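What follows is each chain in one-letter form.
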Amino acid sequence: MDSLQNLKVTVDADRGVALVVFDRLAKRNAFSQVMIDEMVTVLAHLDGLEAVRTVVVTGGPDGPFCAGMDLNELVQITTASAHKRAFLKDLTDAFARFTKPIIAAVVGFALGGGCEIALACDIIYAAEDATFGLPEIKIGTIPGAGGTQRLARALGKHKAMEFVLTGDSASGAEFERLGVVNKVFARQDVVPQALSLAARIAAMSGPVAKTAKQAVLTVENSHLDAGMVQEKSYYYSTFSLADFNEGQQAFLQKRKPTFTHE
C-alpha cells in the first residue's frame, strides 16, 4: 500500500477498522483511472486482511468527498472504447465483491461518481451541509456507476427520477430525511462518528457481520420469496460458527461475548 498516489490507507488492527481517505484534492478527489485502479487494489487487499473487519471511506474531515469522474479523462472515451474496456465496471465490481461492512463518511460534496461511491457503501454518515447529487444530465450523459439503480432502490422511482432528470442536488440533512443517509452530524464529527460506528461493528463476530451484510444485500438482487430462502440459508450457516456458540453462551451467562471471528 506504500505506492498509492491518490489514496491514504490506515489500519487500526486493535479495533479491526481501516480508514481509506481519497487524496487527490487538487482535482477535488475526482477519480482518474489510476485512482480507480488503486481503489480496486485497496478494497481487494482490505477484504483479505484478517485484522480488518470494517472499513470507512472518506474524502477527509474537511471534504470534499469526491467530485465524481475526472472529466479530462472522460471526454477522451468513446462509446466503443467504453464497451471494450468496460469503463467503471472494475470500480463497481470491486464494491460488489467487498464482503465486509463499509461506511461512507461524507463531508463536502459527493457528486456524480462520488455520490455513486457513497451509495455503493453499506452505511452513509454525512455532514448536515454535505451535498449529494447526480448532475450527469447537465453535461449530456447519465450516471454510470450504479447511481440510477441504487438511488431508485433507496428513494423509489419518482423521487429518483427527479434527481436523475434534473441533476439537482440535496443536502446531507435532506438525504437523511429521505432515508438515503443514516445519520448527519456537524462536519467535524462525521469521520470520528463513522470510525466509532465502524469499531462497534468490528467488535461483533467478523464472519457473522459478513453474513448479515450478504443477507441484507439479497433484497437488491431478488424478489421476496427468493430472499427469504437465501436469508434462511445465511442464518443457518452461522450456527456452525464458534462465535455463534460464544454469543449464545454469553447471553445465557449474562456476560459480554468474546468473539474470536471464527
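A brief structural summary.

Criteria and cut-off values
Here the residue numbers are simple positions, counted from 1 along each chain's written sequence. Side-chain atom pairs in this predicted model are given and counted only at pLDDT of 80 or more, local residue features only at pLDDT of at least 70, and totals for whole chains, interfaces and linings cover all residues. Side-chain numbers come from the whole structure's heavy atoms, not from hydrogens or water. A helix here means a DSSP run of H or I that spans at least four residues, while a strand means a run of E at least two residues long, and both kinds are numbered starting from the N terminus. Computation of the radius of gyration draws on C-alpha atoms, with the globule rule given as 2.2 Å multiplied by the number of residues to the power 0.38. Think of it in three bands: residues with accessible area under 20% of the maximum for their type are buried, residues over 50% are exposed, and the middle band is partly exposed, with areas taken using a 1.4 Å probe on protein chains only. Should any heavy atoms of two residues lie within 4.5 Å, those residues are considered in contact. The protein chains shown are the only cover counted for residues, whose accessible areas, like all others here, come from Shrake-Rupley with a 1.4 Å probe. When charges are tallied, Lys and Arg are placed among the positive residues and Asp and Glu among the negative ones, while His and the ends of the chain are skipped. We put the charge of a Lys on NZ, of an Arg on CZ, of an Asp on CG and of a Glu on CD. Here a polar contact is recorded for every N or O atom pair within 3.5 Å, except that within protein the pair must consist of a potential hydrogen donor and a potential acceptor, and residues adjacent in sequence are included only if both atoms are side-chain atoms. Each reported salt bridge corresponds to a side-chain nitrogen of Lys or Arg within 4 Å of a carboxyl oxygen of Asp or Glu. Here, a strand pair is defined by DSSP locating no fewer than two bridges between the strands. Where helices are involved, their axes are fitted lines through C-alpha atoms of the stretch in contact, as for all axes, and angles between N-to-C directions lie from 0 to 180°.

Here we come to the overall build of the protein chain. Within the protein chain, the secondary structure is distributed over twelve helices and nine strands. Taken against the 2.2 N^0.38 rule, which gives 18 Å for 262 residues, the C-alpha radius of gyration of the protein chain at 19 Å falls within 12% of a compact globule. C-alpha atoms of the protein chain, sized along the principal axes, occupy 60 × 45 × 40 Å. Sorting the 262 residues of the protein chain into buried and exposed places 44% on the buried side. For the protein chain, the share of sequence-separated contacts (at least 6 apart) that also reach a separation of at least 24 residues comes to 68%. Within the structure as shown, the protein chain displays about 13600 Å² of accessible surface, and the carbon and sulfur contribution to it stands at 55%. Charged side chains of the protein chain number 26 positive and 29 negative; the gap between the two group centres comes to 3 Å.

Next up on the list: the side chain of N29. Within the fold, N29 resides in the loop between strand 2 (17–22) and helix 1 (33–47). A distance of 3.5 Å separates a polar atom in the side chain of N29 from the backbone nitrogen of L25. When residues no more than four places from it in sequence are discounted, the contact partners of N29 are F22, D23, R24, M35, G59, P64, F65, C66, A67 and G68.

A word on the environment of I142. Here I142 is to be found in the loop between strand 7 (131–133) and helix 6 (147–155). For I142, a relative accessible area of 58% translates into the label exposed.

This brings us to the pattern of salt bridges. A full pass over the atoms with the stated rule returns seven salt bridges. Note that R255 and E246 form a salt bridge whose closest N and O atoms lie 2.7 Å from each other. Of the residues examined, R255 reaches a relative accessible area of 34% and is grouped as partly exposed.

A few words now on the sheet that holds strand 4 (residues 102–106). Taken in spatial order, the six strands line up as 1-2-3-4-6-9 in an open sheet, and their pairing is mixed. Since the sheet does not close on itself, it has two edges, and those belong to strand 1 (7–12) and strand 9 (183–185), each with one partner. When strand polarity is set aside, the average angle formed by the axes of neighbouring strands in this sheet is 20°. The pairing of strand 2 with strand 3 (residues 54–58) spans five bridges and is parallel. By the bridge assignment for strand 3, L19 is matched with V56. Packing against the sheet, helix 1 makes contact with strand 1, strand 2, strand 3 and strand 4, and its axis sits at approximately 10° to strand 1.

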